[in-house]
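So you can see what is in the structure, the chains are spelled out below.
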Amino acid sequence: MTGLMQGKRGLIMGLANDKSLAWGIARKLHEQGAELAFSYQGDALLKRVKPLAESLGSDFLIDCDVSSMDALDTAFATLAERWETIDFVVHAIGFSDKSELRGHYYDTSLDNFLMTMNISAYSLVAVTKRAMPMMSEGGSILTLTYYGAEKVVPHYNVMGVAKAALETSVQYLANDLGPKGIRVNAISAGPVKTLAASGIGDFRYILKWNELNSPLRRNTTIDDVGGAGLYLLSDLSSGVTGEVHHVDSGYHLVGMKQEDAPDI
Ligand SMILES: NC(=O)c1ccc[n+]([C@@H]2O[C@H](COP(=O)([O-])OP(=O)(O)OC[C@H]3O[C@@H](n4cnc5c(N)ncnc54)[C@H](O)[C@@H]3O)[C@@H](O)[C@H]2O)c1
Ligand SMILES: Cc1c(CN(C)C(=O)CCc2cnc3c(c2)CCC(=O)N3)oc2ccccc12
């Protein structure tokens, strides 16, 4: 049977290892017949990303630090050399100085505020600008956000502000690109123990709280995110753009501790 993504190809940005949300998405896309290119952040990550990409039949690896406009120009030129058109881009990138992802938001430095907004929010605009001309047959762009954009999650701090900017950017980009048949959406994922989650104080508490208080009473997996990513990147979501789709076991619905949740 032909897959949902048969004949489709695109770029996955933000794969670091086999715990990455990008990995959950890449696997599902490959299963459904997509052809994949991967961008990674520097040689240190290449040794982990290369074997993962190869396991999905891809030898198309592109070094790209999204804080550099030259690197973005070079990355998309390399992409266009081999593939004249692409059907999708996954933007699974976010970063802040972890010393400011604890304590008070009012202690956020200007430097880290700007760096965090650049990498975690502006980079989607910069990527979209460069992907657009390659999506002459239309396309789908997907980014990853978190509930901390909508409501205060203690210590998510400047990342929450950046994700709020990212989510509104999704709306403005969707409106700009709609006439070109390019859709732009976000998945708001529940907490998942990834590289970007390690080094966060009391992450185990956040995971446990979500497990005990989400409607599904379980944490989110990268396969949960992969399935929803496949939907948003495929023609099944042809009428969907500018959307933030929660893949969080329903946690965003909850306004108070569940009765059956033990104290943790
Ligand atoms: N893990 C979670 O709990 C969770 C929940 C919701 C949303 N998210 C978001 O999902 C996305 C993917 O994160 P993840 O949890 O899979 O962790 P991850 O560490 O596996 O992925 C983050 C990626 O961002 C890349 N990156 C950081 N700075 C970069 C730069 N300047 N240029 C290029 N790449 C850069 C890293 O190399 C890494 O591959 C992020 O946007 C994150 O904010 C994560
Ligand atoms: C959930 C959750 C996350 C996971 N998540 C949704 C994220 O978006 C990850 C954000 C993040 C951004 N930059 C860095 C790190 C994490 C740690 C390593 C590093 O050096 N920089 O991070 C939190 C930080 C504080 C509170 C909750 C969370």
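Just so you know, these numbers come straight off a predicted model, no measurement behind them.

Another aspect to go through is the nonpolar core. Leu-29, Leu-36, Phe-38 and Ile-187 are the most contacted members of the largest nonpolar core, which totals 35 residues. Among the secondary structure elements, those contributing two or more residues to this core are α1 (21-31), β2 (35-40), α2 (43-55), β4 (88-91), β5 (139-145), β6 (182-189) and α7 (222-233). Sequence-distant contacts of Leu-29, defined by excluding residues within four places in its chain, comprise Met-5, Ile-12, Ala-34, Leu-36, Phe-88, Leu-230 and Leu-233. In this structure, Val-66, Leu-124, Ala-126 and Ile-141 belong to the second largest nonpolar core, which totals 33 residues.

Now for the pairing of β4. Burial along β4 is two-sided: the face carrying Phe-88 and Val-90 and the face carrying Val-89 and His-91 are both buried. Alignment of β4 against β5, held across 4 bridges, turns out to be parallel. Considered in β5, the bridge of Val-90 is made with Leu-142. In this view, the connection linking β4 to its parallel neighbour β5 by way of helix α4 (residues 110-131) has right-handed handedness.

For the rest of this paragraph, the subject is the site of ligand 2. Phe-95, Ser-96, Tyr-156, Ala-196 and Ile-206 are the nearest of the 14 residues found near ligand 2. Contact between ligand 2 and Ser-96: a nitrogen atom at 2.9 Å from a main-chain N or O atom of the residue. Between ligand 2 and Tyr-156, the relevant distance is 2.8 Å, taken from an oxygen atom to a side-chain nitrogen or oxygen of the residue. Protein contact buries 88% of the 590 Å² of open area that ligand 2 shows by itself. Looking at side-chain class alone, the shell around ligand 2 contains 10 nonpolar, 3 polar and 1 charged residues.

Attention now moves to the environment of Gln-171. Mapped onto the secondary structure, Gln-171 falls in helix α5 (residues 157-177). Residue Gln-171 is classed as partly exposed on the basis of its relative accessible area, which comes to 47%. In the structure, Gln-171 is positioned 31 residues away from Asp-202 in sequence and 32 Å away in space, judged by C-alpha atoms.

Okay, the packing of α1 against α7 next. Two elements in contact, α1 and α7, have axes separated by 7 Å at closest approach and are oriented at 55 degrees. Overall, the two elements α1 and α7 adopt an arrangement that is oblique. Where α1 crosses over α7, the two elements pack in a sense that is right-handed. Each of Leu-21, Trp-23, Gly-24, Ile-25, Arg-27, Lys-28 and Leu-29 in α1 lies in contact with α7, whose residues at this interface are Ile-222, Asp-223, Val-225, Gly-226, Gly-227, Leu-230 and Leu-233. In the contact of α1 with α7, the residues fall into 8 nonpolar, 3 polar and 3 charged.

With 12 residues, α7 extends 16 Å from end C-alpha to end C-alpha; this agrees with the ideal 16 Å at 1.5 Å per step. Looking at α7, one finds that the buried residues are Ile-222, Val-225, Gly-226, Ala-228, Gly-229, Leu-230, Leu-232 and Leu-233. Contact partners of the buried residues in α7: α1, β4, β5, β6 and β7 (244-247).

Moving on, we get to empty space enclosed by the protein. Within the structure shown, the criterion is met by 2 cavities of 30 Å³ or more. Its boundaries defined by the atoms lining it, the largest cavity holds a volume of some 50 Å³. Taken together, Tyr-146, Tyr-147, Ala-189, Gly-190, Pro-191, Asn-210, Asp-248 and Tyr-251 make up the lining of the largest cavity. Residues of the lining of the largest cavity, tallied by class, amount to 5 nonpolar, 2 polar and 1 charged. Quantified by volume, the second largest cavity comes out at close to 30 Å³. Every residue along the wall of the second largest cavity is listed here: Gly-190, Pro-191, Asn-210, Ser-214, Arg-218, Asn-219, Thr-220, Asp-248, Ser-249 and Tyr-251. Among the residues making up the lining of the second largest cavity, the classes are represented as 2 nonpolar, 6 polar and 2 charged.

What counts as what
Residues numbered from 1 in each chain as written. Chains lettered and ligands numbered in written order. Predicted model: local features only at pLDDT ≥ 70, side-chain atom pairs only at ≥ 80, totals over all residues. Heavy atoms only, no water. Core = buried A, V, L, I, M, F, W, Y, C linked by side-chain atoms within 4.5 Å. Buried < 20%, exposed > 50% of the residue type's maximum accessible area, 1.4 Å probe, protein only. Helix = DSSP H or I, 4+ residues; strand = E, 2+ residues; numbered from the N terminus. Contact = heavy atoms within 4.5 Å. Pairing = 2+ DSSP bridges. Right-handed = clockwise from strand over helix to strand, strands pointing away. Near = heavy atom within 4 Å. Polar contact = N/O pair within 3.5 Å; in protein donor to acceptor, adjacent residues only side chain to side chain. Areas by Shrake-Rupley, 256 points an atom, 1.4 Å probe, with all protein chains shown as cover. Nonpolar A, V, L, I, M, F, W, Y, C, P; charged D, E, K, R; others polar. Axes fitted to C-alpha atoms, helices over the stretch in contact; angles between N-to-C directions. Parallel < 35°, antiparallel > 145°, perpendicular 65-115°, else oblique. Left-handed = near helix turned anticlockwise from the far one by under 90°. Expected span 1.5 Å × (residues − 1). 1 Å grid on protein atoms, 1.4 Å probe; cavity = no way out; pocket = protein on both sides within 12 Å on 5 of 7 lines; lining within 4 Å. Points joined across faces, edges and corners; volume = space filled by probe spheres on them.

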